[in-house]
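Each chain, written out:
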Amino acid sequence: MTNFPIQQAADMIRAASYVMVLTGAGVSTPSGIPDFRSPSSGIWNKLDPITVASIWGYHDNPQAFYRWFMPLARQIRQARPNPAHVALAEMELVARLNLLVTQNIDGLHQIAGSRHVVELHGHLRTASCLACGHQIELDEIWPQADRGQVAHCQTCGGLMKPDVILFGEPLPYDALRAAQEAALFCDVLISIGTSLEVEPASDLPHLARRSGSRVIIVNRQPTIADKIADVTIHDDVATVLPALVQALRR
Ligand code: ZN
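Predicted model, so just to flag it, every value in this text is computed and none were measured.

**Some words on the pattern of salt bridges**
Stage number 1. Scanning all chains against the criterion turns up nine salt bridges.
Stage number 2. Between Glu181 and Arg177 there is a salt bridge, with its nearest N and O atoms 3.3 Å apart. Separated by four residues within a single helix, Glu181 and Arg177 lie in helix H8 (residues 173–185), roughly one turn from each other.
Stage number 3. Classification of Arg177 as partly exposed rests on a relative accessible area of 42%.
Stage number 4. Members of the salt-bridge network, linked through shared partners, are Arg209, Arg214 and Asp230.

**A few points about the sheet that holds strand S5 (residues 135–137)**
Stage number 1. Read from one edge to the other, the open sheet built from three strands follows the order S5-S4-S6, with strand pairing classed as antiparallel. With one partner strand each, in any of the chains shown, S5 and strand S6 (160–164) form the two edges of the open sheet. Between one strand axis and the next, the sheet turns by 40° as a mean value, whatever way the strands run.
Stage number 2. Here strand S4 (residues 122–129) runs beside S6; their pairing, made up of four bridges, is antiparallel. For Gly122, the partnering residue across the bridge sits in S6 and is Val164.

**A closer look at the coordination of the zinc ion**
Stage number 1. Taken together, Cys129 (SG), Cys132 (SG), Cys153 (SG) and Cys156 (SG) make up the protein donors of the zinc ion, found 2.3 to 2.4 Å from the metal.
Stage number 2. Considering all four donor atoms around the zinc ion, angles at the metal cover 100 to 115° and the coordination shape is tetrahedral.
Stage number 3. In terms of primary sequence, the donors binding the zinc ion are separated according to C-x2-C-x20-C-x2-C.
Stage number 4. Under the relative-accessibility criterion, Cys132 is labelled partly exposed at 41%.

**What about the packing of helix H5 (residues 83–93) against helix H10 (residues 237–249)?**
Stage number 1. At a minimum axis distance of 7 Å, the contact between H5 and H10 shows a crossing angle of 25°. By the angle between their directions, the pair H5 and H10 is classed as roughly parallel. Every pair of crossing elements has a handedness; the one defined by H5 and H10 is left-handed. Of H10, the residues touching H5 (which contributes Pro83, Ala84, Ala87, Leu88, Glu90 and Met91) are Val237, Ala238, Leu241, Pro242, Leu244, Val245, Leu248 and Arg249.

Conventions used here
- Residues numbered from 1 in each chain as written.
- Predicted model: local features only at pLDDT ≥ 70, side-chain atom pairs only at ≥ 80, totals over all residues.
- Heavy atoms only, no water.
- Salt bridge = Lys/Arg side-chain N within 4 Å of Asp/Glu carboxyl O.
- Helix = DSSP H or I, 4+ residues; strand = E, 2+ residues; numbered from the N terminus.
- Buried < 20%, exposed > 50% of the residue type's maximum accessible area, 1.4 Å probe, protein only.
- Pairing = 2+ DSSP bridges.
- Axes fitted to C-alpha atoms, helices over the stretch in contact; angles between N-to-C directions.
- Donors = N, O, S within 2.8 Å, 3.2 Å for Na, K, Ca; no water.
- Tetrahedral: all angles 85-135°; square planar, octahedral: opposite > 155°, others 65-115°.
- Parallel < 35°, antiparallel > 145°, perpendicular 65-115°, else oblique.
- Left-handed = near helix turned anticlockwise from the far one by under 90°.
- Contact = heavy atoms within 4.5 Å.

This is a description of form; function is not addressed.
This is the structure we're talking about:
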């Protein structure tokens, strides 16, 4: 890997007064978490995502959701942050990163020490009633879910659902708004470990670009937004980000 693109990226970040980062599944795959939205992850070989992981599927057959989801959730709970998460937490610590927007539900950015995190696709900390909105800690229904049983709301008897965003559900309004505002406001947007195929997250680099900011893309594979990027680095995020932080410290 030539260091030139990393140096270029570091220079852009240093010159910026507001830097936002957008992360996707590729940041967590080095921690052993499969990309469950990607057809190539192997997860969907025997299952239809719309049947088990959509909000309609959840209403129809929540047991099927838990059968699919719990092995993934257990994997996520055991996962630890990798050098990419740690590097992003360090970037915030040295005041080179203002807002981290993630499509991941694993909470590994916060565990690594990132403080300003917006979660577009929800998380595994809480669960909410689909009927009345009553919210509880996910731990309260974890033993039941672990046995494949569906939990019901103690207030109204409605169906409880972990606060992860399923296919067909709108993104959390506040999170989406914060991400879009940051994209319009930032001087640099760094997109990391996402193929930028899922809307509306995929719109953020375009929004940033149109408002005059620089775009840096770090992803193992080419992305559909490469053509609007100032710097593209197609390499392992767990190698590139620590190198970038090192370049920023120099
Ligand atoms: Zn309820």
